[in-house]
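# What the coordinates show
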Amino acid sequence: DFQFIHCECCQQESSNLKLLTCLHTLCFGCLSKNKPLGQCPVCQTAIPKASGIPDIDNLLFTNLQARLKVYKKIVDGVGLFCDNCKKASEFWCSKCEEFLCTKCFKAHQRYLKSHKAKRVMDIRAGSANDFLKDTGRTGNLSCSNPTHRSQTASIYCKECCKPLCCICALLDSQHAPFCDIRSETERRQEELSTMSQELKRKRSGFEATYAALEDEAARLEEAQREMRELIRQRVEQLVGLIRREEEELLGLVEARQEQGRRELARELQSVAEVLRRMEAGERLVEKMSLYATEQEVMDMQPFIKGSLEELQQLQLAVDRDKARPGDLAECRARLQAL
């Protein structure tokens, strides 16, 4: 169920995942190997970063890997000791990210009543999805001020486009009024969801074009087969006199067919690459909606939004009025003249 958090090139788990502008996720190793080509190995989209390694980390996938490791540790039941007294743990606090024994749990609940620690056995009985959703909801958003990283951000400055803690908001009188950080993260998530839905509708046009190009390729193959048969029938009537003409006609058909195949292959590849980018975008937005913490939404949404906007601006490049690739009109005219 969670293969999507692995590198899309080598399919291996990695702690250093990078998000490309085409919205595919690759590990640092695969990007380093692919650096001379300067393009995504999944859809062949150019990587604009000069070094060939994008700056943005896929925080969503990296954090999901870390949370799944905790879940696996709980399910396996190996090495589950209280982080405070090293006794056998019975509880897990997702906010503190600590295992607790029964005694430490009681003290924890006395001083941190807002933290909802869960029994290890209850987590083990549930699914990985349930665990990820619970831990995702408990994640705190940190203040964007480097000196206040330990403070929880609950306010958003629309002027700076940054999350702030209460202290920063009180000191920054120039940018008031502010808005609630939760409403801003919800707005960003909804914006991505809306863009994803619009992209889905646009994707149908690319899929139709892809299907039409496949039909065109099949037509080209059939036209080639029919023309070769016709050429052979006519040439057999003039055996000995027009053998040379037969070879010229067959060569012409092959040349036209090869030209058409190359043109169609280029168009098919181009549309397929866009479709793969769209699929990656839809999948990423879906996983953001399911599993992203507010921190991840704030860090990743502008980058993903830019890539989705780029995809939305793409237009179908197929002009149905132009001459079809691999046209055999010249060959037919020469055959008629013969």
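Residue numbers here run from 1 along each chain, matching the order of that chain's written sequence. Predicted model: local features are reported for residues with pLDDT of at least 70 only, side-chain atom pairs are reported and counted for 80 or more only, and whole-chain, interface and lining totals are derived from all residues. The side-chain numbers reported here are obtained from all heavy atoms of the structure, hydrogens and water having been left aside.

All right, on to the overall build of the protein then. Scanning the protein from terminus to terminus reveals 10 helices and eight strands. Counting only C-alpha atoms, the protein reaches 105 × 55 × 35 Å along its principal axes. Under the scheme applied here, a residue whose accessible area is under 20% of the maximum for its type counts as buried, over 50% as exposed, and between as partly exposed, the area being computed with a 1.4 Å probe on protein chains only. Here the protein holds 338 residues, and the buried ones make up 40% of them. To be clear on the numbers: accessible area is Shrake-Rupley with a 1.4 Å probe, and residue cover counts the displayed protein chains and nothing else. Accessible surface, the protein as shown: approximately 19,000 Å² in total, 50% of it carbon and sulfur. When charges are counted, neither His nor the chain ends are considered; positive counts come from Lys and Arg and negative counts from Asp and Glu. Lysine's charge is taken at NZ, arginine's at CZ, aspartate's at CG and glutamate's at CD. For the protein, the distance from the average position of its 52 positive side-chain charges to the average position of its 51 negative side-chain charges is 7 Å. Helix and strand definitions here come from DSSP, where helices need a minimum of 4 consecutive H or I residues and strands a minimum of 2 consecutive E residues; each element is numbered from the N-terminal end.

Let us now look at the domain arrangement of the protein. For the domains described, the bounds stem from an automatic or database domain assignment. Domain parsing of the protein yields domain 1 (1-57) and domain 2 (198-315). One C-alpha centre belongs to domain 1, the other to domain 2; they are set 24 Å apart. By the convention used here, residues are in contact when the closest approach between their heavy atoms is within 4.5 Å. Contacts between the two partners involve 15 residues from domain 1, matched on the other side by 16 residues from domain 2. Summed over both partners, the accessible area lost on bringing two parts together, with a 1.4 Å probe, is the buried area. Buried area between domain 1 and domain 2, both sides added, is near 1,300 Å², and the carbon and sulfur share of it is 68%. Any Lys or Arg side-chain nitrogen located within 4 Å of an Asp or Glu carboxyl oxygen qualifies as a salt bridge. On inspection of domain 1 and its partner domain 2, the count reaches one salt bridge.

Relative placement of two packed helices is described by the angle separating their axes and the distance separating the axes. Here the axes come from fitting lines to C-alpha atoms, over the contacting stretch only for helices, and the angles between their N-to-C directions go from 0 to 180 degrees. Running from amino to carboxyl end, helix α8 (residues 243-291) crosses helix α10 (residues 329-337) at an angle of 165 degrees, the nearest separation of the two axes being 9 Å. Classified by the angle their axes make, α8 and α10 are roughly antiparallel. In the crossing of α8 with α10, the sense of the turn from one axis to the other is left-handed. Contact residues: E245, E248, L249, L252, V253 and R256 in α8; E330, C331, R334 and L335 in α10. Charged residues are taken to be Asp, Glu, Lys and Arg, nonpolar residues to be Ala, Val, Leu, Ile, Met, Phe, Trp, Tyr, Cys and Pro, and polar residues to be all remaining types, Gly included. A class-by-class count of the residues in the contact of α8 with α10 yields five nonpolar, no polar and five charged. Small angles under 35 degrees read as roughly parallel and large ones over 145 as roughly antiparallel, with 65 to 115 read as roughly perpendicular and the rest as oblique. The hand of a helix crossing depends on one turn: near helix anticlockwise from the far one by less than a right angle means left-handed, and clockwise means right-handed.

Once that is clear, we can look at the UniProt feature "domain: B box-type" (unreviewed entry) in the protein. UniProt positions are given in the numbering used here, feature names are shortened, and annotations may be inferred rather than shown by experiment. The sites that carry the UniProt feature "domain: B box-type" (unreviewed entry) are, in the present numbering, residues 81-120 and 138-175. Spanning residues 81-120, this segment combines 28% helix with 20% strand, and its end C-alpha atoms are found 11 Å apart.

A separate point is the nonpolar core. Grouped together as the largest cluster of nonpolar side chains are 55 residues, with contacts concentrated most on F2, L60, L284, M288, I304 and L308. A per-element tally of this core places α8 first, with 11 residues. Both domains that furnish three or more residues to this core are identified here as domain 1 (1-57) and domain 2 (198-315). Residues in contact with F2, not counting those within four places in the same chain, are L68, A128, N129, L132 and Y291. Among buried residues, the Ala, Val, Leu, Ile, Met, Phe, Trp, Tyr and Cys ones that are joined through side-chain atoms within 4.5 Å form a nonpolar core.

Let us now look at the pattern of salt bridges. Enumeration according to the criterion identifies 20 salt bridges in this entry. With a shortest N-O distance of 3.7 Å, E13 and K69 are connected by a salt bridge. Highlighted residues: E13 in the segment before β1 (17-19) and K69 in helix α2 (residues 59-76), separated in sequence by 56 residues. Taking the relative accessible area as the measure of exposure, E13 reaches 44% and is therefore partly exposed. Each member of the salt-bridge network shares a partner with another, and the members are E184, R187, R188, E191 and K305.

Strand pairing requires that DSSP identify at least two bridges connecting the strands. One open sheet accounts for three strands, arranged β4-β3-β5; its pairing is antiparallel. In this open sheet, the two strands that pair with only one neighbour each are β4 (98-100) and β5 (118-119). This element, helix α3 (residues 102-111), spans β3 (91-93) and β4 of the sheet and lies at about 115 degrees to β4.

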